[in-house]
Protein chains: 2
Amino acid sequence: MSLLVTGSIGIDTVETPAGRRDTVLGGSAIYFSYAASFFTPVRLVGAVGDDAPKELFDVFGEQEVDTSGLEVRKGSKTFRWHGSYVQDLNEAVSIQTDLNILAEAAPKIPEKFSDSKYIFLANTHPVLQQQMACCLKKPKLIVADTMNLWINTARSELMKTLKMIHGLVLNDGEARLLTEKKNLIAAARDVLKMGPKFVVIKKGEHGCLMCSGDDVFVLPAFPADQVIDPTGAGDSFAGGMMGYLSTQGNVSLATLKRALAFGTVVASYTISDFSLGGLRSATRDHIDQRWSQFKQAVDF
Amino acid sequence: MSLLVTGSIGIDTVETPAGRRDTVLGGSAIYFSYAASFFTPVRLVGAVGDDAPKELFDVFGEQEVDTSGLEVRKGSKTFRWHGSYVQDLNEAVSIQTDLNILAEAAPKIPEKFSDSKYIFLANTHPVLQQQMACCLKKPKLIVADTMNLWINTARSELMKTLKMIHGLVLNDGEARLLTEKKNLIAAARDVLKMGPKFVVIKKGEHGCLMCSGDDVFVLPAFPADQVIDPTGAGDSFAGGMMGYLSTQGNVSLATLKRALAFGTVVASYTISDFSLGGLRSATRDHIDQRWSQFKQAVDF
């Protein structure tokens, strides 16, 4: 079923122990869209300036990503991020962040996308997330991401967003900040009290956990023996998860679990190369094979 | 089948966010023995001074732990450790360590224990580990632990130990130090080249991974919503793992995987209270129930 994502599109400069790449394509919506498009057609909503990299318009190749919700705003500049994982592959140090177009009005969801059933609201101001959620006619599943900035500066608005969505995906540090609980299971349970039916906490190289009602699900990361660039891993995880979910027609616990495993596997391609190189090297067949390999590696 | 453990017996003072306990029973061999005794009778070899806590002689209660290899050395003092997890539940800060009897001659393995088939050589000087391994008539499975101290100060002796054992259990920091590899899968593969048939890397709250030949197995920790005291979790993990293994008569990959899951579950009792309180509150039925619950929580 129709999957819509709204989020950032960026120009990244990334340094990792494996090297450095300057002005490559990045952003949450880009990683998400590519990852999800292995499973289902994706509707991408985002905005770039007139400095948008040419790569943006051909990166998806044969992948079914509808970019007609992509706004190229004249006189604006694309979001730029320069980060380093040289000290710690599990945590980026931001060297420079130029919000540029992200500090302007949000892109509009085209009318023709308003019938979307599965929606991922990547990290942005919670008020914008609410506005976008309100544009949808009859959404079946709305999942959102958030970040420290909004938890610290827009907590009451974030609380409203949490009441409008079905699922929240966030990382361990964000979960701790949001709930003031150190223990992640306790934190996840607190998030559930804020509104969502399920919460997924991403732990980077340590995998993820999900809580829904009284159920707890835990997964390690895919055992990769080499990490080239972790940029976009969390967004790719969400993309794989939502991509799979949108093909299933239900969000039962069993379906959610399989979706998280697909997210884990798709993210393992992202970290295997810089920018979108890892995802571009993968096929759905590869992903299915690695999913079986992952199942084998955690099964007892 | 007969399971022998040699390791430390200590008097601990522990501080955690949940409180503080002074001069409580601890040490690798104690946690290991209690944990393993849920599965099989255990032969404990260790040494204490004449200041040994009374609790040592009744702690095992109904558990089948043969303490006839426990040496009470007159004029010596028991090993003492004072540590704090107040800053970080995943990493102890040692406030004071008095090796005492651990700096003297190692306890002897009684002749009647020399027919032991399953052996766990808890962390001690690699030369002592070798001497103990040599005392055994026909061991089926020897697994050892080690620590930073020996990796740094007795590397060549440790390399000899690694050629005499079948399995190595160590934590993530130790694996990185031993192999100079940051990535833990790469580190585990390097350890296999040093001798052991399998290696288990413990990652504290992030679970564990095992490599054996080309096979990789990864497990998250049991999802606990409260950690009172992590002291002894790693030794309890090894105890649960070895205890289960020694009842199986084989060390196939499938058996090893189940053993690691039992180790994980047993350790989850250890962290639920100070000292041996958590283990003492458990029964084999509890462990089997929690094992099924854990399987459910990681199955997809």
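Thresholds, definitions, all that
Residues numbered from 1 in each chain as written. Chains lettered and ligands numbered in written order. Predicted model: local features only at pLDDT ≥ 70, side-chain atom pairs only at ≥ 80, totals over all residues. Heavy atoms only, no water. Helix = DSSP H or I, 4+ residues; strand = E, 2+ residues; numbered from the N terminus. Rg over C-alpha atoms; globule rule 2.2 N^0.38 Å. Buried < 20%, exposed > 50% of the residue type's maximum accessible area, 1.4 Å probe, protein only. Contact = heavy atoms within 4.5 Å. Disulfide = S-S within 2.5 Å. Pairing = 2+ DSSP bridges. Axes fitted to C-alpha atoms, helices over the stretch in contact; angles between N-to-C directions.

Asker: Would you take a moment to explain the overall build of chain A for this structure?
Answerer: Helix and strand counts for chain A come out as ten helices and 13 strands. Against the compact-globule benchmark of 19 Å for 300 residues, chain A has a radius of gyration of 18 Å, which places it among compact chains. Projected onto its principal axes, the C-alpha coordinates of chain A cover approximately 55 × 40 × 35 Å. Burial analysis of chain A (300 residues in total) assigns 58% to the buried set. Sequence-distant contacts, at least 24 apart, represent 64% of the contacts inside chain A between residues at least 6 apart.

Asker: I would appreciate a short explanation of the state of the cysteines in the present structure.
Answerer: Covalent bonding between the sulfur atoms of two cysteines is what defines a disulfide. Residues and elements named next belong to chain A. A full pass over the atoms with the stated rule returns zero disulfides over all chains. With no disulfide of its own, Cys-134 has Cys-135 as its nearest cysteine by sulfur position, at a separation of 7.2 Å. Here Cys-211 is not cross-linked by a disulfide; its sulfur's nearest cysteine counterpart is in Cys-208, at 11 Å. Judged by relative accessible area, Cys-211 falls into the buried class, the value being 1%.

Asker: It is not clear to me how the pairing of strand E6 (residues 79-84) of chain A should be interpreted in this structure. Could you clarify?
Answerer: Side-chain positions along a regular strand alternate between the two faces of the sheet. All names here are of chain A. Judged by how many residues are buried, E6 sits mostly within the fold: five of six residues are covered. Note that strand E2 (residues 10-16) and E6 share six bridges and pair parallel. Within E6, the residue paired with Gly-10 across the bridge is Phe-79. Bridge count for E6 against strand E7 (residues 93-98) is five bridges, and the pairing is antiparallel. Each residue of the ladder has a partner; that of Ser-84, found in E7, is Val-93.

Asker: Mind showing me how you'd approach the sheet that holds strand E7 (residues 93-98) of chain B here?
Answerer: Two pairing modes exist for strands in a sheet, parallel and antiparallel, and in both the strands are linked by backbone hydrogen bonds. Residues and elements named next belong to chain B. Pairing in this open sheet of four strands is mixed, and the strands run E3-E2-E6-E7 from one edge to the other. Two strands in the sheet have a free side with no partner beyond their single neighbour: strand E3 (19-26) and E7. Averaged over all pairs of adjacent strands, the angle between their axes in this sheet comes to 15 degrees, without regard to strand direction.

Asker: What is the right way to look at unusual backbone geometry in this model?
Answerer: For residues that are not glycine, phi is negative in most cases, and the peptide bond is trans in most cases. Residues and elements named next belong to chain A. A positive phi angle, close to 45 degrees, is found at Thr-23, a residue other than glycine. In this structure, Thr-23 sits in strand E3 (residues 19-26). Notably, Glu-180 is not glycine yet its phi reads approximately 60 degrees, a positive angle. Within the fold, Glu-180 resides in the loop between helix H5 (172-179) and helix H6 (184-193). Judged by its relative accessible area of 70%, Glu-180 is exposed.

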